[in-house]
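Each chain is listed here by its residues.
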Amino acid sequence: LELYLNTLVSSRLEKIDWNGLALAEYAMRKNELIAPEEVRVEHLLISTEGVPFEGFVKRVLTVQTKIAAGEQFKDLIIQFSDDPSVVQNRGDLGFFTRDRMQPAFSDAAFSLQNRGDVSGPVMTRFGAHFIRLLDRRDESPLTFDEVRTALIEEIKKSTRARLRDEFLSEVRSEIEAELVEINEQILIDLFVNFYEKENHPKTEP
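Reading the values: rules and limits
Residues numbered from 1 in each chain as written. Predicted model: local features only at pLDDT ≥ 70, side-chain atom pairs only at ≥ 80, totals over all residues. Heavy atoms only, no water. Helix = DSSP H or I, 4+ residues; strand = E, 2+ residues; numbered from the N terminus. Contact = heavy atoms within 4.5 Å. Pairing = 2+ DSSP bridges. Axes fitted to C-alpha atoms, helices over the stretch in contact; angles between N-to-C directions. Parallel < 35°, antiparallel > 145°, perpendicular 65-115°, else oblique. Left-handed = near helix turned anticlockwise from the far one by under 90°. Salt bridge = Lys/Arg side-chain N within 4 Å of Asp/Glu carboxyl O. Core = buried A, V, L, I, M, F, W, Y, C linked by side-chain atoms within 4.5 Å. Buried < 20%, exposed > 50% of the residue type's maximum accessible area, 1.4 Å probe, protein only. Patch = residues over 30% accessible without salt bridge, like charges linked within 9 Å, V, L, I, M, F, W, Y side chains within 5 Å. Areas by Shrake-Rupley, 256 points an atom, 1.4 Å probe, with all protein chains shown as cover. Expected span 1.5 Å × (residues − 1). Arc of directions from axis to C-beta.

Mapped onto the secondary structure, Arg-90 falls in the loop between α5 (86-89) and β3 (92-97). As a C-alpha pair, Arg-90 and Glu-71 span 19 residues in sequence and 16 Å in three-dimensional space. Not counting the four nearest positions on each side in its chain, Arg-90 is found in contact with Glu-42, Ile-77, Ile-78 and Ser-85.

All right, on to the pairing of strand β4 (residues 118-124) then. Note: β4 against strand β5 (residues 127-137), 5 bridges, orientation antiparallel. From the neighbouring strand, Ser-119 faces β5, where its bridge partner is Ile-131. The antiparallel hairpin formed by β4 and β5 contains 2 residues in its connecting segment.

Turning our attention to the packing of helix α3 (residues 53-68) against helix α4 (residues 73-80). Running from N to C, α3 and α4 cross one another at 160°; their axes reach a closest spacing of 10 Å. As far as their axial angle goes, α4 and α3 are roughly antiparallel. Here α3 runs over α4; the crossing is right-handed. Residues Arg-59, Thr-62, Val-63, Lys-66 and Ile-67 of α3 lie in contact with α4, whose contacting residues are Phe-73, Leu-76 and Phe-80.

So, on to the sheet that holds β5. Taken in spatial order, the 4 strands line up as β3-β2-β5-β4 in an open sheet, and their pairing is antiparallel. For this open sheet the edge positions go to β3 and β4, each flanked by a neighbour on one side alone. Between one strand axis and the next, the sheet turns by 40° as a mean value, whatever way the strands run. Along the sheet, α4 makes contact with β2 (38-47), β4 and β5, crossing β2 at roughly 40°. Helix-sheet contacts for helix α6 (residues 103-111) involve β2, β3, β4 and β5, and the interaxial angle to β4 is about 170°.

Right, let's get into the pattern of salt bridges. Per the stated rule, a full pass over the model turns up 13 salt bridges. A salt bridge links Glu-25 to Arg-29; its shortest N-O distance comes to 3.1 Å. Pair noted here: Glu-25 and Arg-29 are both in helix α2 (residues 18-29), with a separation of 4 residues, about one helical turn. For Asp-92, the salt bridge goes to Arg-40, with nearest N and O atoms at 2.4 Å.

If you look at the biggest cluster of nonpolar residues, it comprises 15 residues, and the most contacted ones within it are Ala-22 and Tyr-26. If you list the elements that add at least two residues to this core, you get α1 (2-13), α2 and α7 (144-175). Per-element tally for this core: the top contributor is α7, with 8 residues. Contact partners of Ala-22, with chain neighbours within four places excluded, come to Phe-144, Leu-151, Ile-152 and Ile-155. Ile-46, Leu-76, Ile-77 and Phe-80 belong to the second largest nonpolar core, which has 12 residues in total.

A few words on a nonpolar patch on the surface. A surface patch of nonpolar side chains, amounting to about 400 Å² of accessible area, comprises Ile-188, Phe-191, Val-192 and Tyr-195. Within the secondary structure layout, Val-192 lies in helix α8 (residues 184-199). Classification of Val-192 by relative accessible area gives partly exposed; the value is 33%.

With that out of the way, let us pick up α2. A rise of 1.5 Å per residue sets the reference length of α2, with its 12 residues, at 16 Å; its end C-alpha atoms lie 16 Å apart and thus fit the reference within 8%. Turning to α2, its buried residues are Trp-18, Ala-22, Glu-25 and Tyr-26. For α2, the angular spread of buried residues about the axis comes to 100°, placing them on one side. Pointing more than 90 degrees away from the buried face of α2 are the exposed residues Ala-27 and Met-28.

And the structure:
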């Protein structure tokens, strides 16, 4: 039955204009398809892991003093950051939305207004962060090209489920009259009786 249903559904799906359906869906939902606000920052992490608390505080104050003195933030990242990813990204986290980071980190990052503004120290479970704003993107409508693939996948999934239900309903209506109600208890009793008979065969006197 599953093979039969899959064959029917696949045959019908091949004839559908997915791009046309996606365009229609985009036209209806255009106002909902919005790219959220994003910021791009670089950060310097002073970790609490494996160090005395006094040493942690001392390092935070040292970095804070150097930032206030106008030292290059990128140089301080290389010198002081405990984030392992700094080797690859030099502290640059790229663009991210508000829900991608720890709440305290996101609140601080999104509160920065001008490129080059620095916030910190900001405490999270990882330690103390100093955050510098590199760029920001305001909320903006998504283009059809940006959402086309996702829309087609979404429509395909819902269409496949709908067609399967329709075909299954047709099959059921055709065979329902010939279905017989099965009394499960009778089946269980028959099995138990047969099992006991086979498991305890009668012996000849």
